[in-house]
Amino acid sequence: MEHEPIIEMHHLKKYFPVGSSLFSKKQFVHAVDDVDMVIRQGEIVGLVGESGSGKTTIARLILNLTEPTESHIMVDGIDPQKATAEEMRKLRKEIAVVFQDPGGNLNPRLTVGSSIMRPMIIHGVPRKEARERALKALEMVKMDPSYMDNYPAQLSGGQQQRIAIARALVLDPKIMILDEPTSALDISVQAQVLNLLLDLQEQMKLTYLIITHDLNIVNYVCDRVFVMYLGKIVEYGPKKSVLHQPEHPYTRGLMAASPILDPTRREKNPERLAGDPGSLIHLAPGCRFAPRCRFASDKCRQEQPPMLLVGDDHYAACFMDHAVNDKDV
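Residues numbered from 1 in each chain as written. Predicted model: local features only at pLDDT ≥ 70, side-chain atom pairs only at ≥ 80, totals over all residues. Heavy atoms only, no water.

## Some words on the side chain of Lys-14
Among the secondary structure elements, Lys-14 is positioned in strand E1 (residues 5–18). Despite its burial, Lys-14 remains without a salt bridge, the nearest opposite charge being carried by Glu-67 at 6.6 Å. At 2.6 Å, the side chain of Lys-14 forms a polar contact with the backbone oxygen of Glu-67. In this structure, Lys-14 is in contact with Val-29, His-30, Ala-31, Val-32, Thr-57, Leu-61, Thr-66, Glu-67, Pro-68 and Thr-69, ignoring residues within four places of it in sequence. (Helix = DSSP H or I, 4+ residues; strand = E, 2+ residues; numbered from the N terminus. Buried < 20%, exposed > 50% of the residue type's maximum accessible area, 1.4 Å probe, protein only. Lys, Arg positive; Asp, Glu negative; His and termini not counted. Salt bridge = Lys/Arg side-chain N within 4 Å of Asp/Glu carboxyl O. Polar contact = N/O pair within 3.5 Å; in protein donor to acceptor, adjacent residues only side chain to side chain. Contact = heavy atoms within 4.5 Å.)

Following this line, the structure appears as structure tokens:
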């Protein structure tokens with residue numbers, strides 16, 4: 001049923017060990033650290049943050065490509081860590097992925113038709129049926145059937161991304177994870193691909209998780225947005241609320257750093273982020289954004305702020321007085 005949770009994560013953690021020796025204790029990269037996230041069926045959710053914040057690691061955990069350090073994760077009612085072979089086969093059909101670089105994810109030795117048909121062949125679909133479904137998928141992404149015999153090198157970046165989307169659709173998924181789906185494309189082509197994704201989402205009642213650093217994309221297509229910083233979710237809620245009334249200083253910094261298309265509004269912004277994100281190994285005990293936050297207090301540097309309700313279904317993890325209404329989650 002639409003609006004029911006289809007992906008649920010509670011206290012999700014993924015720590016990667018780093019080199020140790022006789023003279024130093026074992027250390028860990030806290031790529032994902034105690035993340036809670038619920039994605040409802042049929043919605044488009046954006047996951048944003050700077051590079052290295054842990055966004056792609058979350059996608060890999062959902063896909064069961066990386067084993068979590070600690071978690072309670074459910075995807076369409078199935079726990080990937082406890083799933084049987086049959087359940088995992090079901091999940092692999094229900095979750096599709098579109099990556100950042102379409103050219104790098106299409107085999108240059110395979111024709112377009114072979115690339116689209118390959119997932120179906122792997123899942124036991126007869127070749128004749130697989131070809132028919134591949135042609136239908138091409139039609140869905142608004143490409144001519146004649147492209148079936150082309151190779152990736154003969155296509156533009158936008159065409160390659162359409163092929164990648166067609167390949168993702170052929171197993172009739174419920175969920176699509178889109179990792180920077182337009183960052184390698186020209187601006188005009190980005191708009192075409194985003195409009196295509198919106199059309200497909202409506203037609204097929206798909207659930208999208210869009211991982212991006214581009215807040216303009218989130219503003220254009222998403223229903224809700226989660227903001228991630230150094231392995232933690234720091235703010236989340238409806239798109240309009242989070243992007244137009246951001247409560248966490250980090251979200252405000254991301255908004256200030258986002259390109260402004262109106263030249264009359266380009267001006268110095270004191271909210272812009274200063275400094276580097278810092279290390280995911282050597283973490284301070286308090287708020288992870290405190291070293292870069294101009295509002296940080298001693299309390300921020302010593303304690304982890306709880307996630308608090310700051311608006312209608314809008315939450316932020318911040319001690320700032322104007323950012324909370326004292327209603328804890």
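Next comes the rest of the write-up.
## Here we look at the layout of surface pockets
There is about 770 Å³ of room inside the largest pocket. As for the largest pocket, its lining consists of 26 residues, of which Arg-92, Ile-95, Val-97, Pro-119 and Leu-171 are closest to the centre. When residues of the lining of the largest pocket are traced back to their parent elements, those giving at least two are helix H2 (85–94), strand E5 (95–98), helix H4 (112–122) and helix H6 (157–169). Sort the elements by how many residues they give to the lining of the largest pocket and H2 lands first, with five residues. Tallied by class, residues from the lining of the largest pocket come to 17 nonpolar, four polar and five charged. (1 Å grid on protein atoms, 1.4 Å probe; cavity = no way out; pocket = protein on both sides within 12 Å on 5 of 7 lines; lining within 4 Å. Points joined across faces, edges and corners; volume = space filled by probe spheres on them. Nonpolar A, V, L, I, M, F, W, Y, C, P; charged D, E, K, R; others polar.)

## Brief notes about helix H5 (residues 127–140)
The first and last C-alpha atoms of H5 sit 20 Å apart over 14 residues, in line with the 20 Å expected at 1.5 Å per residue. Along H5, the residues classified as buried are Ala-130, Ala-134, Ala-137 and Leu-138. Down the axis of H5, the sector holding all buried residues measures 100°, keeping them to one side. Turned more than 90 degrees away from the buried face of H5 sit Lys-128, Lys-136 and Glu-139, all of them exposed. The first or second residue beyond H5 is Lys-142, which carries a positive phi of 60°. (Expected span 1.5 Å × (residues − 1). Arc of directions from axis to C-beta.)

## Let's talk about the sheet that holds strand E2 (residues 27–40)
Pairing in this open sheet of three strands is antiparallel, and the strands run E2-E1-E4 from one edge to the other. Either end of the sheet is taken by a strand with one partner, and the two such strands are E2 and strand E4 (70–75). When strand polarity is set aside, the average angle formed by the axes of neighbouring strands in this sheet is 20°. The pairing of E1 with E4 spans five bridges and is antiparallel. Bridge pairing in E4 places His-10 opposite His-72. Of the strands in this sheet, E1, E2 and E4 touch helix H1 (residues 55–62), which is tilted by about 115° from E1. (Pairing = 2+ DSSP bridges. Axes fitted to C-alpha atoms, helices over the stretch in contact; angles between N-to-C directions.)

## Examining the pattern of salt bridges
Within this structure, the stated rule accounts for 11 salt bridges. When the shortest N-O distance is used, the salt bridge between Arg-288 and Asp-33 registers 2.3 Å. With Arg-288 in the loop between helix H10 (249–257) and helix H11 (298–302) and Asp-33 in strand E2, this residue pair connects regions lying 255 residues apart in the sequence. You can call Asp-33 buried: its relative accessible area is 7%. The closest approach of N and O atoms between Asp-76 and Lys-90, which form a salt bridge, is 3.4 Å.

## Quick word on the packing of H4 against H5
The contact between H4 and H5 brings their axes to 9 Å, and the two run at 120°. Overall, the two elements H4 and H5 adopt an arrangement that is oblique. Crossing geometry of H4 relative to H5 is assigned as right-handed. Across the interface between the two elements, Val-112, Ile-116, Met-117, Met-120 and Ile-121 of H4 pack against Arg-127, Ala-130, Arg-131, Arg-133, Ala-134 and Leu-138 of H5. Its residues assigned to classes, the contact of H4 with H5 shows eight nonpolar, no polar and three charged. (Parallel < 35°, antiparallel > 145°, perpendicular 65-115°, else oblique. Left-handed = near helix turned anticlockwise from the far one by under 90°.)

Just geometry here; none of it tells us what the structure is for.
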